[in-house]
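Per-entry structural report
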Amino acid sequence: MRLLEVEDLTVRFGDSTVVAGVRLSLGAGERLGLIGESGSGKTLTALAVAGLLPPGAAVTGSVRFEGSELLGRRERAIAPLRGAGIGFVFQEPLTALNPLMRIGAQIGEPLRIHRGLSRRAARGAAAELAARVGLPDPERIVRAYPHQLSGGQRQRVGIAIAIAARPALIVADEPTTALDVTVQAEILRLLTALVEEEGSALLFISHDLAVVAQVSRRLAVMRAGRVVEEGPTLDVLRDPREPYTRQLVAAARATSWNPQETPS
Amino acid sequence: MTGAFRSLVRSRSGLLGLALSAVVVAATLVSLVWTPYDPGAVDPRASWAPVSGAHWFGADRLGRDLFSLVLAGARTTLLVSLAATVVAAVTGTLLAAAAAVTPGWVRAAVGYGIDVLIAFPTLLLAMVLVAVHGASTLTAVLAIGLGEGFFVARVMRAEMTRVLAADYVLAARAGGAGTWRILYAHVLPNALPTLTVLLSLVMAIAVLAEAALSYLGYGVPSSTPTWGRMLHDLQTQLTIRPQVLVWPGLAIVATVLGFNLLGDGLRDAGDPKARRT
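Residues numbered from 1 in each chain as written. Chains lettered and ligands numbered in written order. Predicted model: local features only at pLDDT ≥ 70, side-chain atom pairs only at ≥ 80, totals over all residues. Heavy atoms only, no water.

1. Describing the sheet that holds strand β4 (residues 57-65) of chain A
Hydrogen bonds between backbone atoms are what pair the strands of a sheet, whose relative direction is either parallel or antiparallel. Residues and elements named next belong to chain A. Taken in spatial order, the 4 strands of this open sheet run β2-β1-β4-β5, and their pairing is antiparallel. Looking at which strands have only one partner, the edges of the open sheet turn out to be β2 (16-26) and β5 (68-69). Where β4 meets β5, 2 bridges bridge the pair, whose relative direction is antiparallel. Directly across from R64, in β5, lies its bridge partner E69. Running over the sheet, helix α1 (residues 42-49) touches β1 (4-13), β2 and β4 and is turned about 115° from β1. (Pairing = 2+ DSSP bridges. Helix = DSSP H or I, 4+ residues; strand = E, 2+ residues; numbered from the N terminus. Contact = heavy atoms within 4.5 Å. Axes fitted to C-alpha atoms, helices over the stretch in contact; angles between N-to-C directions.)

2. A word on the packing of aromatic side chains
Residues and elements named next belong to chain B. On inspection of all chains with the given rule, the structure shows 4 aromatic pairs over all chains. Centroid distance W56 to F67: 4.9 Å. Interplanar angle 45°. Geometry classified as tilted. A residue pair is termed long-range when its members are at least 10 positions apart, and W56 in the loop between α2 (12-33) and α3 (66-101) and F67 in helix α3 qualify at 11 residues. With a relative accessible area of 14%, F67 lands in the buried category. On the basis of an interplanar angle of 80° and a centroid distance of 4.9 Å, the ring pair of F57 and F67 is categorised as edge-to-face. (Phe/Tyr/Trp six-rings, centres within 6.5 Å; stacked < 30°, edge-to-face > 60°. Buried < 20%, exposed > 50% of the residue type's maximum accessible area, 1.4 Å probe, protein only.)

3. Details of the nonpolar core
Side chains that are nonpolar tend, in soluble globular proteins, to be buried together. Residues and elements named next belong to chain A. In terms of nonpolar packing, the biggest core is built from 48 residues, with I107, V157, I159, L202, F204 and L209 touching the most fellow members. Discounting residues that sit within four places of it in the chain, L209 has contacts with I35, L219, L237, L248, V249 and A252. If you look at the next biggest cluster of nonpolar residues, it comprises 37 residues, including L4, V22, L32 and L71. (Core = buried A, V, L, I, M, F, W, Y, C linked by side-chain atoms within 4.5 Å.)

4. Re the side chain of S81 of chain B
Residue and element names in this part refer to chain B. One can find S81 in helix α3. On the basis of relative accessible area, S81 is assigned to the buried category, the value being 0%. A distance of 2.5 Å separates a polar atom in the side chain of S81 from the backbone oxygen of T77. Reaching out from S81, the side chain makes a polar contact with the backbone oxygen of L78 at a distance of 3.5 Å. Residues in contact with S81, not counting those within four places in the same chain, are M203, A206 and V207. (Polar contact = N/O pair within 3.5 Å; in protein donor to acceptor, adjacent residues only side chain to side chain.)

5. Some points on helix α6 (residues 151-164) of chain A
Residue and element names in this part refer to chain A. The end-to-end C-alpha separation of α6 is 20 Å, in line with the 20 Å expected for 14 residues at 1.5 Å each. Taken residue by residue, α6 has G152, R154, Q155, R156, V157, G158, I159, A160, I161, A162, I163 and A164 as its buried positions. Looking at the buried side of α6, the elements it contacts are β6 (86-89), α3 (103-114), α4 (119-132), β7 (169-173) and α7 (181-198). Following α6 by one or two positions, R166 adopts a phi angle in the positive range, close to 50°. (Expected span 1.5 Å × (residues − 1).)

6. As for the pattern of salt bridges
Summed over the entire model, instances satisfying the criterion amount to 20 salt bridges over all chains. Across the pair D43 of chain B and R45 of chain B runs a salt bridge whose closest N-O atoms are separated by 3.4 Å. Owing to a relative accessible area of 79%, R45 of chain B belongs among the exposed residues under this scheme. Close ionic contact of D60 of chain B with R64 of chain B constitutes a salt bridge, the shortest N to O distance being 3.0 Å. Connected through shared salt-bridge partners, R2, E30, R218 and E230 of chain A make up one network. (Salt bridge = Lys/Arg side-chain N within 4 Å of Asp/Glu carboxyl O.)

7. Focus: the interface of chain A and chain B
Each partner contributes to the interface: chain A provides 24 residues, whereas chain B provides 16 residues. Here chain A meets chain B over a buried area of about 1800 Å², counting both sides, of which 57% is carbon and sulfur. By the criterion of area lost to chain B, the three top residues of chain A are N98, L100 and E109 of chain A, representing 25% of everything that side buries. Here chain A is connected to chain B by 10 residue pairs in polar contact (both at pLDDT 80 or more). Sorting the residues of the side of chain A that touches chain B by element identifies β6 and α3 of chain A as the ones contributing at least two each. A per-element tally of the side of chain A that touches chain B places α3 of chain A first, with 5 residues. In terms of residue class, the side of chain A that touches chain B is built from 13 nonpolar, 6 polar and 5 charged. (Buried area = accessible area lost by both parts, 1.4 Å probe. Nonpolar A, V, L, I, M, F, W, Y, C, P; charged D, E, K, R; others polar.)

8. Structural notes on the confidence of the model for chain B
Of all residues in chain B, 96% have pLDDT values of 70 or greater, and the mean over the chain is 88. The secondary-structure element of chain B with the lowest mean pLDDT is helix α11 (residues 272-275) of chain B, recorded at 50, while helix α7 (residues 167-174) of chain B shows the highest, at 95. (pLDDT = per-residue confidence, 0-100.)

9. Some words on the sheet that holds β6 of chain A
Residue and element names in this part refer to chain A. Ordered in space as β6-β7-β8-β3-β9-β10, the 6 strands form an open sheet in which the pairing is mixed. Lying at the two open borders of the sheet, with one neighbouring strand each, are β6 and β10 (226-232). Averaged over all pairs of adjacent strands, the angle between their axes in this sheet comes to 15°, without regard to strand direction. Note: strand β3 (residues 31-35) against strand β8 (residues 201-206), 5 bridges, orientation parallel. Across the sheet, L34 pairs through a bridge with I205, a residue of β8. Here α6 sits on the sheet and contacts β6 and β7; the angle it forms with β6, its principal contact strand, is near 175°. Its contacts with the sheet put α7 on β3, β7 and β8, and the angle it makes with β8 is roughly 155°.

Set out below in structure tokens:
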């Protein structure tokens, strides 16, 4: 049994089909990179897995997590899985945090929901998690508000929230896109290290081939709502079969792998 | 909130609103323990007494002290409008939450219901309620509170819908939070600044509505002194001795202006997002 099996996943908004028959499969502890340009349906695919699509989205197909079907489940039946079975890291670390809630309360929220921890116990656990994600002075930072933190620190908070209830699968949706390059590298290292420690599986979504290649050994390329190519990262990079993947690889080479060509 | 308070005091209109509101609240508190005369005490010798050291605002036909009546009227006004504002806040927020988070047809029904009810002028709604249930303080409170509640509901529905679309609400759902938790931990705190400002404006409208109801005889029982009833009782003197009408009129204007300016000042000062940097 695979941890996550997505088959023939289709998402429609009215007449437009934004995800068309996506197939993905992820074993326990595996890491899969999902790559594609913006609008290719990768974020919607990830949201659909946990039933987080906005109202008005029509979803068909099958999403099995730990062997049981998630699609068509009622909100009340799927909520216990979010955070505890599947944890999310979002793209915008500022807007994904409640501006009026202290950091500690936000990190501790999944623990209060899923473990029934008291406010105080959750705050204690939040400080430990803050230390694990490398936030400085965790005792002080859990009492801070999001706007008092830097972008990189906020994304560390986002990661702490995602791993708080020890989910078997972590979905990271462009977690480094909003950060500057030096911070990006740190966040990537942190995320992969934590996923390793926890033994969680990782679904890593990005439009940046270089970033995905660092994180995952397997790669799925999405375009216009479909997975056009899937395979081990190295094979896909060395010998891309689809013309679109070839373009992506060529573009990545041109921008980040040829420093001599950048104008001085 | 000290930063918000400082910028409230720094703006001239905010300071004026705060001062006027403070005077009204102070008058109410004073009237609880002391008025120069018993506001109901009739004294034939003082009939239409002019403004003097004995009667600061003068006296009415029955010789009742107008200053004592204005002080006692503040009590009714503040009690009714505060209670009505609480009723408006609770019903408005509950309706707005129901309209914002319930699925499909419930949301549509609540939404249309609010839109229909908001089409009725608050005063008309109040008069209907009073006509059916009889005039009492409770009826006045409920009538004004429910009428304003629909207004609060419409504004708060938009505000809550805005907050519900925020990334952090999606993030909270992704962490497993259910509808109730989303509402009280995430949506309500973030919609609270809007509600605070809205309520100070509702308070001003409630003062006017209470005065209008009392003036029309639909308000609190006739034994209770109110500014609206004073206007009603004194209006026959408008051409003979207009000075007696100044006092309740001034009290109403000062109170409404005070709460309105306070609301405006709070709106300008209380935006934590603007003060953050």
